[in-house]
Amino acid sequence: MLYAYDDNGKLSSLYQLSKQRIEQLRKEKTYFCPTCKESLQIRSGRLHTAHFAHFPSSNCERKHQGESEYHESGKWLLYQWLTHQGYDVELEFFLKETNQRPDLFFTVGDKRIAIEFQCSTIPPEIIEKRTKSLNEAGIFPLWIIGKNQYRQKGKHQLLHTTFHRSLMYYFHSNFCMYYLDVKAQTIIIADHIQGSSTTLCYANPRFYSLKSVTFPQLFTSVPYPSFSYLNIWEKSMYHLRTTYHRRVGSEELQWRQYLYLKGKHFSLIPSVCFLPVPSQSIYHVKAYMWQTRFILDHFMEKPIGDVINNEQKVRCKTINQYQANPIQEYILMLGKLGFVKKTGEGEWVKLKEIQFPTHIDQALEEDKRVMFFLRRQTNVVL
Ligand SMILES: [Zn+2]
């Protein structure tokens, strides 16, 4: 393990100490396990970061826990970072009320905060369950993802899988998430997250050295970045229509099959079946797939003047309990484009038919028109 109590009861680590200093400490100090309180030995060598280990006779539960070095170093970095800011932080404190041992636990004013440093991908159900019990106990959960789960493509595209989607926050009217780069000792805040595909999102990543950022600063808002994700969105729309992929995933295949049975082709879906709704990044289904299904199942067959069913609920909740509603947002956009009209609280009626283009040039022309409209709506400077 990377940290232990010294003989003065102070939580200490050998992380990033010089070889000489470690040898000195080996002679001068005794260290104790935070869990079982037994004395520990120091291990250091060329291959491993210096750390503490139980003696062979020990029966401590932590002896075989095998946490990764990356995870342990990250926890220790966060511990030091918060301690230097004056917070009274507990590492792996056992919370009776939730029966959990969050990586770090501390209070800010009357707020109790638990930090989980998550380096390995775990199922969303587990994240949801742990988050729920912390929320119910009135403890704010801050999930920080390990840099090993961070991939950046270009300036504004990040890897975004089901795992990432389940660790999103919603602050100041935008989606964000937190990463820790242990090696660079840097916190990465990816915010203004928008999404289109199931494995990538568009975001504005900001990098802060731990030395220059405080805990409350993680939650402050920054002005909207100058990048326009609509450009990328437009490109992927063009790509969808014009590039033929022989091999596609099963979800894509099912969607194409579904369209085929309705007598439609995927390259000729209406432009309004690919609208960038704000919550797309937290929804696991690709925008053009769920929007096409919505149009075909809940819009096309209805006569003008009929009420549009918008009751569908999708699982899109952030860690801090913001319930996103992509379908409502979509109907709102259809309203702005003049296809539906609001007639009461949450009630919309069909105003105009949506036409399926009959050839590709017509589809591309229509895409341009819709994009032009969206750019005017969002006031994005290009
Ligand atoms: Zn122990």
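Residues numbered from 1 in each chain as written. Predicted model: local features only at pLDDT ≥ 70, side-chain atom pairs only at ≥ 80, totals over all residues. Heavy atoms only, no water.

J.: Which residues make up the overall build of the protein chain, and what are the values?
T.: A count of helices and strands for the protein chain gives 9 helices and 17 strands. If you line up the protein chain on its principal axes, its C-alpha atoms span 85 × 40 × 40 Å. Expressed as a percentage of the 382 residues in the protein chain, the buried residues total 50%. Residue pairs in contact within the protein chain that sit at least 24 positions apart in sequence constitute 60% of those at least 6 positions apart. For the protein chain, the accessible surface area stands at approximately 19,900 Å², while carbon and sulfur atoms represent 52% of it. (Helix = DSSP H or I, 4+ residues; strand = E, 2+ residues; numbered from the N terminus. Buried < 20%, exposed > 50% of the residue type's maximum accessible area, 1.4 Å probe, protein only. Contact = heavy atoms within 4.5 Å. Areas by Shrake-Rupley, 256 points an atom, 1.4 Å probe, with all protein chains shown as cover.)

J.: Account for the domain arrangement of the protein chain, with residues named and values stated.
T.: The domain architecture assigned to the protein chain consists of domain 1 (3-66), domain 2 (70-218) and domain 3 (230-378). Here the C-alpha centre of domain 3 lies 57 Å away from the C-alpha centre of domain 1. (Domains from an automatic or database assignment.)

J.: Now, about the environment of E125: what can you tell me, with residues and values included?
T.: Along the chain, E125 turns up in helix α3 (residues 124-136). C-alpha separation for the pair E125 and L334, spaced 209 residues apart in sequence, amounts to 33 Å.

J.: Which residues make up the nonpolar core, and what values do they have?
T.: One finds I115, Y178, F215, L218 and L334 to be the most contacted residues of the largest nonpolar core, which totals 98 residues. With 7 residues, helix α7 (residues 287-298) is the single largest residue contributor to this core. In contact with Y178, other than residues within four places in its own chain, are L142, W143, I144, I145, Y169, F171, I188, I189, L218 and F219. L25, C33, F52 and C60 belong to the second largest nonpolar core, which has 12 residues in total. (Core = buried A, V, L, I, M, F, W, Y, C linked by side-chain atoms within 4.5 Å.)

J.: How would you sum up the packing of α7 against helix α8 (residues 326-336)? Please name residues and give values.
T.: Contact pair α7 / α8: the axes reach a minimum separation of 12 Å and the direction vectors enclose 65°. Judged on the interaxial angle alone, α8 and α7 are roughly perpendicular. Seen along the crossing, α7 lies across α8 with a hand that is right-handed. In this structure, α7 uses W290, Q291, F294 and I295 to contact α8, whose residues at the interface are P326, I327, Y330, I331 and L334. Its residues assigned to classes, the contact of α7 with α8 comprises 8 nonpolar, 1 polar and no charged. (Axes fitted to C-alpha atoms, helices over the stretch in contact; angles between N-to-C directions. Parallel < 35°, antiparallel > 145°, perpendicular 65-115°, else oblique. Left-handed = near helix turned anticlockwise from the far one by under 90°. Nonpolar A, V, L, I, M, F, W, Y, C, P; charged D, E, K, R; others polar.)

J.: A description of the sheet that holds strand β3 (residues 31-32) should follow, citing residues and the corresponding values.
T.: Taking strand neighbours across the sheet as the criterion, the 5 strands line up as β2-β1-β3-β4-β5 in an open arrangement whose pairing is antiparallel. The open sheet terminates on both sides in strands that have one partner only, identified here as β2 (11-13) and β5 (51-53). Sheet topology places β3 next to strand β4 (residues 39-43); 2 bridges connect them, and they run antiparallel. The residue bridging Y31 from the neighbouring strand is L40, located in β4. Together, β1 (3-6) and β2 form the strand contacts of helix α2 (residues 69-84), whose direction differs from that of β2 by roughly 125°. (Pairing = 2+ DSSP bridges.)

J.: Give me the packing of helix α6 (residues 250-261) against α7: which residues, what numbers.
T.: The geometry of α6 relative to α7 is characterised by a closest axis approach of 11 Å and an angle of 25° between their N-to-C directions. Taken together, the axis directions place α6 and α7 in an arrangement best described as roughly parallel. Judged by the sense of rotation from one axis to the other, the crossing of α6 with α7 is left-handed. Contacts between α6 and α7 pair E251, E252, Q254, W255, Y258 and L259 from the former with Y288, M289, T292, R293, L296 and D297 from the latter. Residue composition of the contact of α6 with α7, by class: 6 nonpolar, 2 polar and 4 charged.

J.: Could you give an account of the coordination of the zinc ion, naming the residues involved and the relevant values?
T.: The coordination sphere of the zinc ion, as far as protein atoms go, consists of C33 (SG), C36 (SG), H54 (NE2) and C60 (SG), spread over 2.1 to 2.3 Å. Around the zinc ion, the 4 donor atoms are arranged such that angles at the metal cover 104 to 123°; this shape is classified as tetrahedral. (Donors = N, O, S within 2.8 Å, 3.2 Å for Na, K, Ca; no water. Tetrahedral: all angles 85-135°; square planar, octahedral: opposite > 155°, others 65-115°.)

J.: Describe the pairing of strand β9 (residues 139-146), with residues and values.
T.: Of all the 8 residues making up β9, 7 are buried; the element is thus mostly covered by neighbouring parts of the structure. Note that strand β8 (residues 111-118) and β9 share 7 bridges and pair parallel. By the bridge assignment, Q118 is partnered in β9 with I145. Taken together, the 3 bridges between β9 and strand β13 (residues 174-181) define a ladder with parallel strand orientation. Paired with G146 across the bridge in β13 is L180.

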